[in-house]
Amino acid sequence: MTLREGNGSSSLAREIAELITPSVAALGYDVIDLEYQAKSQLGAPVLRLYIDHLTPSAEYIGIEDCVKVDRHVSETFESPEFNELLPDGFVLEVSSPGIDRPLTRPEHFSRFPGKKVKIKTYRPLTEAEVDNSAYFQLHPKQKNFGGVLLGIEGGQILLEVDQHGVKIPYAQVAKANLDIA
């Protein structure tokens, strides 16, 4: 899971996710992403939890789903383990991942073949990593990719970009989202 932080710690977000994921999964939902923002316009820290159905579903996440998860995780937030992580108050926001949902785990790349995606890598990929010399010659320092997701195999995201098949090592993905354009 890729955990984002704004003025916070990704290790803190990871610890929070480890505490709440079992509780959220017990309700039939998957924690897609978690964002902790230590300072916000609201003054208090904000914990944003993005959820989806645990098993692939044609149904979208609605307000009822968000309220259900919000109420259920309250018990976890009152636990001693959680109070050690965030002793001060915070604002909880539970949301759907949206139409441009983040792809945060390898299984997400298997779930959405044929969909347009945007992928940003930590660094420009090498010719060997892209595994397409013709494409690499045209885009030798590329870090931002947009194309049609074909899937994931052996830790390599398979993508069709401008009629070229390219590979992107999952370990190099800094951020990935479905592309609604």
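Everything numeric here is computed off the predicted structure, so don't read it as measured data.

**Side note on the sheet that holds strand 6 (residues 144-153)**
Here's step 1: Read from one edge of the open sheet, five strands run 8-7-6-5-9, paired in antiparallel fashion. The two strands at the open ends of the sheet, each matched to only one other strand, are strand 8 (164-169) and strand 9 (173-178). Neighbour-to-neighbour, the strand axes of the sheet open up by a mean angle of 45°, direction not taken into account.
Here's step 2: Relative to strand 6, strand 5 (residues 116-121) is paired through five bridges, and the arrangement is antiparallel. Each bridged residue has a counterpart across the sheet, and for Lys116 the counterpart in strand 6 is Val148.

**Describing the pattern of salt bridges**
Here's step 1: Tallying each qualifying case throughout the model produces eight salt bridges.
Here's step 2: The salt bridge partner of Glu107 is Arg105, with a shortest N-O separation of 2.7 Å.
Here's step 3: A relative accessible area of 43% places Glu107 in the partly exposed class.
Here's step 4: A salt bridge links Asp131 to Lys167; the nearest nitrogen and oxygen atoms lie 3.1 Å apart. Here the residue Asp131 occupies a position in the loop between helix 5 (127-130) and helix 6 (133-138), and Lys167 occupies one in strand 8, the gap between them amounting to 36 residues.
Here's step 5: Judged by its relative accessible area of 47%, Asp131 falls in the partly exposed class.

**Concerning the packing of aromatic side chains**
Two numbers describe a pair of aromatic rings. These are the distance of the centres and the angle of the planes.
Here's step 1: Here the structure, examined in full by the defined rule, presents two aromatic pairs.
Here's step 2: Measuring from ring centre to ring centre gives 5.2 Å for Phe77 and Phe90, while their planes differ by 85°; the resulting arrangement is edge-to-face. Separated by 13 residues along the polypeptide, Phe77 in helix 2 (residues 63-77) and Phe90 in the loop between helix 3 (80-85) and strand 4 (91-95) bring together distant segments of the chain.
Here's step 3: Phe90 gets classed as partly exposed once you look at its relative accessible area, which sits at 23%.

**Overview of the confidence of the model for the protein**
Here's step 1: Looking at the protein as a whole, its pLDDT mean stands at 87, while 93% of the residues score no less than 70.
Here's step 2: Within the model, pLDDT remains below 50 along residues 1-9, and this stretch shows 30 contacts once partners closer than five positions in the same chain are excluded.

**Quick notes on the pairing of strand 3 (residues 46-53)**
Here's step 1: In terms of burial, strand 3 is a largely internal element, eight of the eight residues being buried.
Here's step 2: Pairing of strand 2 (residues 29-37) with strand 3, which is carried by eight bridges, proceeds in the antiparallel orientation. Its bridge partner lying in strand 3, Asp30 is registered against Asp52.
Here's step 3: Examined bridge by bridge, strand 3 and strand 4 share five bridges and lie parallel to one another. Along strand 4, the bridge assignment pairs Leu47 with Leu92.

What counts and what doesn't
- Residues numbered from 1 in each chain as written.
- Predicted model: local features only at pLDDT ≥ 70, side-chain atom pairs only at ≥ 80, totals over all residues.
- Heavy atoms only, no water.
- Pairing = 2+ DSSP bridges.
- Helix = DSSP H or I, 4+ residues; strand = E, 2+ residues; numbered from the N terminus.
- Axes fitted to C-alpha atoms, helices over the stretch in contact; angles between N-to-C directions.
- Salt bridge = Lys/Arg side-chain N within 4 Å of Asp/Glu carboxyl O.
- Buried < 20%, exposed > 50% of the residue type's maximum accessible area, 1.4 Å probe, protein only.
- Phe/Tyr/Trp six-rings, centres within 6.5 Å; stacked < 30°, edge-to-face > 60°.
- pLDDT = per-residue confidence, 0-100.
- Contact = heavy atoms within 4.5 Å.

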